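A structural walkthrough
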Amino acid sequence: AQAVIAIENARLLTEVRESLEQQTATADVLGVINASRGDLQPVFEAMVDKARRLCEADAGHLVLPVGDDYRSVAVSAMSAEMTELIQSISYAPGRGTAIGRALAERRPVQISDIGADNEHAGRQAAHRGFIRTILGVPLLREGEALGAFGLSRQRVEPFTDRQIELVRTFADQAVIAIENTRLFKAEQERTKELTESLAQQTATSEVLGVISSSPGDLKPVFDAMLSNAARLCEAQFGNLLLHEDGAFRFTATYAPAVFAERWQREPVFRPSPLAPVARAVASRDVVHVVNVKEDPAYLQGDPPITSLVDDGGARTILCVPMVKDAEVIGALSIFRQEVRP
């Protein structure tokens, strides 16, 4: 009778300990999710490591879509060789792997001994002693499989119902983390758009204020327009030109001193027809040159363009014509010192 009591006490203590470990692990993962907004990698790594440890597995991994395939994005394994093997496998939906079946069937799939499973693509790994028992648990959102957890043992020992349920809990948390990250990034994008919109409206308001306070004096108006355009579009320098009888006059500059001084000394220039600003005037449309070093004007040695590139480091150019009643009265150009459209 005492032996029976001792056995029952041991069983109850084991259950309490396992339950406490699982609750602690779940709480730990929730803490990682909360602290890693927008960065899923530490979340996935924490989940995989805790699931492997609590379920007494030799390897654990999380699979997500990568391009047109499904690959492991986080791995916890007993050896580097096992990690390399797991990372080399495609887990696309299908019968070839436990995870592939879990993805296709949208339910947990356990293979007690892959060495005895004729459909499993990893039978050879079983014979080499790498993997024998495998568990695949899908990440489900509204009935769709987003990915899957995988656990494996080098021995034939099926995972218990309690362990499978724990992995399902982690799978649910992974779905929550993915959704939270998606919402977080969407909110970031929305905040960025609102910030940019506010900055543009503020800049417009500032320019209108300059126009209102500078009747008859265009210089401060042009300076305000150009500086705001360059700042909002993250350009390093630019200029505002007025069109005069086929030539252009530098009316406002936002540039390194060497160019500002040069444009002040030689305010009027006549570009070749290949120059971006000349093309903007001829087309009455925006001209966007992603890499000036590959543009015909530079390749044919147009002096203003070669100077911009070789002396000023210009790489990407945006030219916008100023048009009134179908007549081009000037152009606003901004430049980046990197190839960035």
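This one's a predicted model, so the numbers in the text were calculated from it and none came from an experiment.

Thoughts on the packing of helix H2 (residues 41–54) against helix H6 (residues 161–213)
Describing two packed helices takes the angle between their axes plus the distance from one axis to the other. Relative orientation of the contacting elements H2 and H6 amounts to 175°, with a least axis distance of 10 Å. Taken together, the axes of H2 and H6 lie roughly antiparallel to each other. Here Val-43, Phe-44, Met-47, Lys-50, Ala-51 and Leu-54 of H2 come into contact with H6, specifically with Gln-163, Leu-166, Phe-170, Gln-173, Ala-174, Ala-177 and Ile-178. Of the residues in the contact of H2 with H6, the class split is ten nonpolar, two polar and one charged.

Topic: the pairing of strand S1 (residues 59–66)
Of all eight residues making up S1, six are buried, and the element is well covered by its neighbours. Bridge count between S1 and strand S2 (residues 69–77): eight bridges; the pairing is antiparallel. The residue bridging Pro-65 from the neighbouring strand is Tyr-70, located in S2. Hairpin geometry of S1 and S2 is characterised by an intervening segment of two residues between the two adjacent antiparallel strands and by a positive phi of about 65° at Gly-67.

So, the side chain of Gln-163
Structurally, Gln-163 can be placed in helix H6. The buried category is assigned to Gln-163, whose relative accessible area is 12%. Reaching out from Gln-163, the side chain makes a polar contact with the backbone nitrogen of Thr-160 at a distance of 2.9 Å. Here Gln-163 is in contact with Leu-54, Cys-55, Glu-56 and Arg-153, once residues within four sequence places are set aside.

A short note on the packing of H6 against helix H7 (residues 219–232)
Direction vectors running N to C along H6 and H7 enclose 170°, while the axes themselves pass 9 Å from each other. As far as their axial angle goes, H7 and H6 are roughly antiparallel. Between H6 and H7, the residues in contact are Ala-199, Gln-200, Ala-203, Glu-206, Val-207, Val-210 and Ile-211 and Pro-220, Val-221, Ala-224, Met-225, Asn-228, Arg-231 and Leu-232, respectively. Of the residues that constitute the contact of H6 with H7, the class distribution is ten nonpolar, two polar and two charged.

Observations regarding the nonpolar core
Core analysis: the biggest nonpolar cluster contains 28 residues, and Phe-44, Leu-135, Leu-139, Phe-149, Leu-151, Phe-159 and Val-167 have the highest contact counts within it. Among the elements of the structure, H2, S1, strand S4 (133–141), strand S5 (144–153) and H6 are those that each provide at least two residues to this core. Among the elements that line this core, the one with the most residues is H6, at nine residues. For Val-167, the residues in contact, after removing those within four places along its chain, are Cys-55, Leu-135, Val-137, Phe-149 and Leu-151. Core analysis: the next-biggest nonpolar cluster, separate from the first, contains 26 residues, Phe-237, Ala-278, Ala-280 and Ala-314 among them.

Here we look at helix H3 (residues 80–87)
Within H3, burial applies to Met-82, Leu-85 and Ile-86. Within H3, the buried residues cover an arc of 95° as seen down the axis, which keeps them to one side. For H3, the exposed residues set more than 90 degrees away from the buried face come down to Ala-80 and Glu-84.

Focus: the pattern of salt bridges
By the definition in use, this model includes 18 salt bridges. The shortest N-O distance in the salt bridge between Arg-132 and Asp-113 comes to 2.9 Å. Taken together, the residues Arg-132 in the loop between helix H5 (123–127) and S4 and Asp-113 in the loop between strand S3 (109–111) and H5 connect sequence positions 19 residues apart. The partner of Glu-244 in a salt bridge is Arg-249, with the nearest N and O atoms 3.2 Å apart. The class for Arg-249 is partly exposed, based on a relative accessible area of 33%. One salt-bridge network, held together by shared partners, links Asp-58, Arg-153, Arg-155 and Glu-157.

What to know about the packing of aromatic side chains
For the structure shown, the criterion picks out three aromatic pairs. Here Phe-237 and Phe-335 contribute two aromatic rings whose centre-to-centre distance is 5.1 Å and whose plane-to-plane angle is 25°, an arrangement assigned as stacked. Of this pair, Phe-237 sits in strand S6 (residues 237–244) while Phe-335 sits in strand S11 (residues 327–336), and the two are 98 residues apart along the sequence. Comparing Phe-237 with Phe-335, the two get one shared label, buried. Between Phe-250 and Phe-269, the aromatic rings sit 5.2 Å apart at their centres with planes inclined by 15°, giving stacked as the arrangement. Pair noted here: Phe-250 is in strand S7 (residues 247–254) and Phe-269 is in strand S8 (residues 268–269), with a separation of 19 residues, a long-range link. Phe-269 matches Phe-250 in its accessibility class, with the two residues each being buried. Here the aromatic residues Phe-248, Phe-250 and Phe-269 are joined through ring pairs into a cluster of three or more. Over the ring of Phe-159 we find Arg-153, and its NZ or CZ is 3.9 Å from the ring centre.

Parameters and conventions
Residues numbered from 1 in each chain as written. Predicted model: local features only at pLDDT ≥ 70, side-chain atom pairs only at ≥ 80, totals over all residues. Heavy atoms only, no water. Axes fitted to C-alpha atoms, helices over the stretch in contact; angles between N-to-C directions. Helix = DSSP H or I, 4+ residues; strand = E, 2+ residues; numbered from the N terminus. Parallel < 35°, antiparallel > 145°, perpendicular 65-115°, else oblique. Contact = heavy atoms within 4.5 Å. Nonpolar A, V, L, I, M, F, W, Y, C, P; charged D, E, K, R; others polar. Buried < 20%, exposed > 50% of the residue type's maximum accessible area, 1.4 Å probe, protein only. Pairing = 2+ DSSP bridges. Polar contact = N/O pair within 3.5 Å; in protein donor to acceptor, adjacent residues only side chain to side chain. Core = buried A, V, L, I, M, F, W, Y, C linked by side-chain atoms within 4.5 Å. Arc of directions from axis to C-beta. Salt bridge = Lys/Arg side-chain N within 4 Å of Asp/Glu carboxyl O. Phe/Tyr/Trp six-rings, centres within 6.5 Å; stacked < 30°, edge-to-face > 60°. Lys NZ or Arg CZ within 6 Å of the ring centre and 35° of its normal.

These figures capture arrangement, not role.
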